[in-house]
Amino acid sequence: MFGRAALVCCGGRSTANDVLCKYVSIYARRRLTTPTHQDWPMPTVPLGMRRSSNMFMGSNVQYRYKTARAFVDRARLLLKAGSGGQGSKSSGLGGGDGGNITAVVDAGLSDLSHLTKGPNKISAPSGGNATRSGEGEAGEDLFLYVPRGTVVTTEAGHHLTDLDTPGQKAILAYGGEGGSALTNETHSGLKGDAIRVNLELKSIADVGLVGFPNAGKSSLLSAISNIKPKVADYPFTTLQPHVGTVQFEDMFTARVADIPGLIEGASQNQGMGHSFLRHIERTSVLLYVVDINGFQLSQDSPHLSAKKAFELLCKELELYQPGLVKRPSLLVVNKLDVRGSRAAYDQFRNELRELLKEQAMPELQTVLPISVQDRYGIKELKIVLRDVLEKERQKKKDTIREKFVERLFTLE
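Attention in this report is confined to the structure presented alongside it. None of these values were measured; they are calculated from a predicted model.

A count of helical and extended segments in the chain gives 5 helices and 16 strands. Counting over 412 residues, the chain shows a buried share of 49%. Within the chain, residue pairs in contact and separated by at least 24 positions form 70% of the contacts whose partners lie at least 6 positions apart. Accessible area for the chain stands at about 21000 Å²; split by element, carbon and sulfur atoms hold 49% of it.

Let's shift gears to the pairing of strand β10 (residues 194-201). Where burial is concerned, the two faces of β10 differ: the one with I195, V197, L199 and L201 is buried and the one with A194, R196, N198 and E200 is not. Across 7 bridges, the pairing between strand β3 (residues 74-80) and β10 is antiparallel. Directly across from L78, in β10, lies its bridge partner R196. Alignment of strand β7 (residues 150-154) against β10, held across 5 bridges, turns out to be antiparallel. Within β10, the position partnered with V151 by the bridge is E200.

Close contact between helix α3 (residues 306-320) and helix α4 (residues 341-355) brings their axes to 9 Å; oriented N to C, the two are set at 35 degrees. α4 is crossed by α3, and the crossing has right-handed handedness. Touching A306, K307, F310 and E311 of α3 are F348, E351, L352 and L355, all from α4. Residues that form the contact of α3 with α4 fall into these classes: 5 nonpolar, no polar and 3 charged.

This paragraph deals with the pattern of salt bridges. For the structure on display, the rule yields 10 salt bridges. For the salt bridge of E155 with R76, the shortest nitrogen-to-oxygen distance reads 2.2 Å. With E155 in the loop between β7 and β8 (159-163) and R76 in strand β3, the pair connects residues that are 79 residues apart, well separated along the chain. The partly exposed category is assigned to E155, whose relative accessible area is 46%.

Grouped together as the largest cluster of nonpolar side chains are 59 residues, with contacts concentrated most on L79, L199, Y288, F310, L317 and L331. Sort the elements by how many residues they give to this core and α3 lands first, with 7 residues. For F310, the residues in contact, after removing those within four places along its chain, are Y288, V290, L331, L352, L355, L356, M361, P362 and L364.

Before going further, it helps to examine the sheet that holds strand β4 (residues 101-105). Taken in spatial order, the 3 strands of this open sheet run β6-β4-β9, and their pairing is mixed. Each end of this open sheet is capped by a strand with a single partner; those strands are β6 (142-146) and β9 (169-173). Ignoring which end each strand starts from, the neighbouring axes of this sheet average 30 degrees apart. Pairing of β4 with β9 involves 4 bridges; the strand directions are antiparallel. In the strand pairing of β9, V104 is matched with K169.

Looking at the secondary structure, you find D141 in the loop between β5 (121-123) and β6. Under the relative-accessibility criterion, D141 is labelled partly exposed at 28%. Sequence separation of D141 and G99 is 42 residues, and the distance between their C-alpha atoms is 4.4 Å. Those residues in contact with D141, other than ones at most four positions away along the chain, are G99 and N100. Reaching out from D141, the side chain makes a polar contact with the backbone nitrogen of N100 at a distance of 2.8 Å.

Turning to the sheet that holds β5, a few remarks are in order. Reading across from one edge, β5-β3-β10-β7-β8 is the order of the 5 strands in this open sheet, with mixed pairing throughout. Each edge of the open sheet carries a strand with a single partner, namely β5 and β8. On average, each strand axis in the sheet is tilted by 25 degrees relative to the strand beside it, whichever way the strands run.

Conventions used here
Residues numbered from 1 in each chain as written. Predicted model: local features only at pLDDT ≥ 70, side-chain atom pairs only at ≥ 80, totals over all residues. Heavy atoms only, no water. Helix = DSSP H or I, 4+ residues; strand = E, 2+ residues; numbered from the N terminus. Buried < 20%, exposed > 50% of the residue type's maximum accessible area, 1.4 Å probe, protein only. Contact = heavy atoms within 4.5 Å. Areas by Shrake-Rupley, 256 points an atom, 1.4 Å probe, with all protein chains shown as cover. Pairing = 2+ DSSP bridges. Axes fitted to C-alpha atoms, helices over the stretch in contact; angles between N-to-C directions. Left-handed = near helix turned anticlockwise from the far one by under 90°. Nonpolar A, V, L, I, M, F, W, Y, C, P; charged D, E, K, R; others polar. Salt bridge = Lys/Arg side-chain N within 4 Å of Asp/Glu carboxyl O. Core = buried A, V, L, I, M, F, W, Y, C linked by side-chain atoms within 4.5 Å. Polar contact = N/O pair within 3.5 Å; in protein donor to acceptor, adjacent residues only side chain to side chain.

Now the structure itself:
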């Protein structure tokens, strides 16, 4: 409830704890209410902090907070697990194993911004060396906390794991074995894994707002959710996706993403085409937003009517990924507060009726006229959106149940 924060550790002790004196990200004093958090430390530490009583390395730790606002759905990290400690050849005692780096799903996280605030290299502590009195201690594991729906791949594109369930764990880098007679003649510890990984959210929201720049997507997101994105009267106000949470009257919640404005040629990666379009393919429901007055990118660009703008939006999505326009979708026609917009909307509906008969057009659940400025049609939109989302979630539950039953009888 206090937001995401970046923690800068200064001072502390030497040796293994030096690993912790880096930029890391935490949730600041967040209430842990879900069952998966019951055995976790307070506060939850998403990156590289130790599960121990001295996790802040004494009273001389200094810190400052930085609020993280941008939605981040990708992160690239270099993971280096701990090396094994040196064994004792004379006593035959072994060194400690190096620490692993383990990814853990935290249901309270919504994006990967906490993994992009500091260095992209994460190192786990090495195992301790053997002494005359005993074997070396194992290096402590580091826990990399990620949101649900995170996919982890190697730099070469090899799939490592899907992280979908709160509390789910996956070891991404294994620590090296402690030195002993089994490792080599000198009883030296083995090196831990060193691997570059890409983390990406496979689903950023339940609903994606799709439209050309300045169609009113940011204003619409602000009207129906808890987020206040930047709004202005010029194109490309939104350069990164904003994600807000919509809470309906029955306490049903959904995440809505304002996808940065597309342009013609986005499917050929013109502008930031593919960067924009990849967000759209990771939403369950598409909500098209069209300005009733049409769209013009610049003074040198041709003016597109509302019908032509919608047709071009669908074309870009279909060219980027065939079948994408067939996802459950709604269409809202914005700025019905402008003089003459009612007559323009009636004409648009007639043109749309013929346009939707074409094959590469979406199967719209509904078409709604709205005015975000006057809040006209917003309540009706939320009612329809709630119904569509409920049906989609039920479909997913049914699919999961079918897969479970199929797997259950396959094992017999």
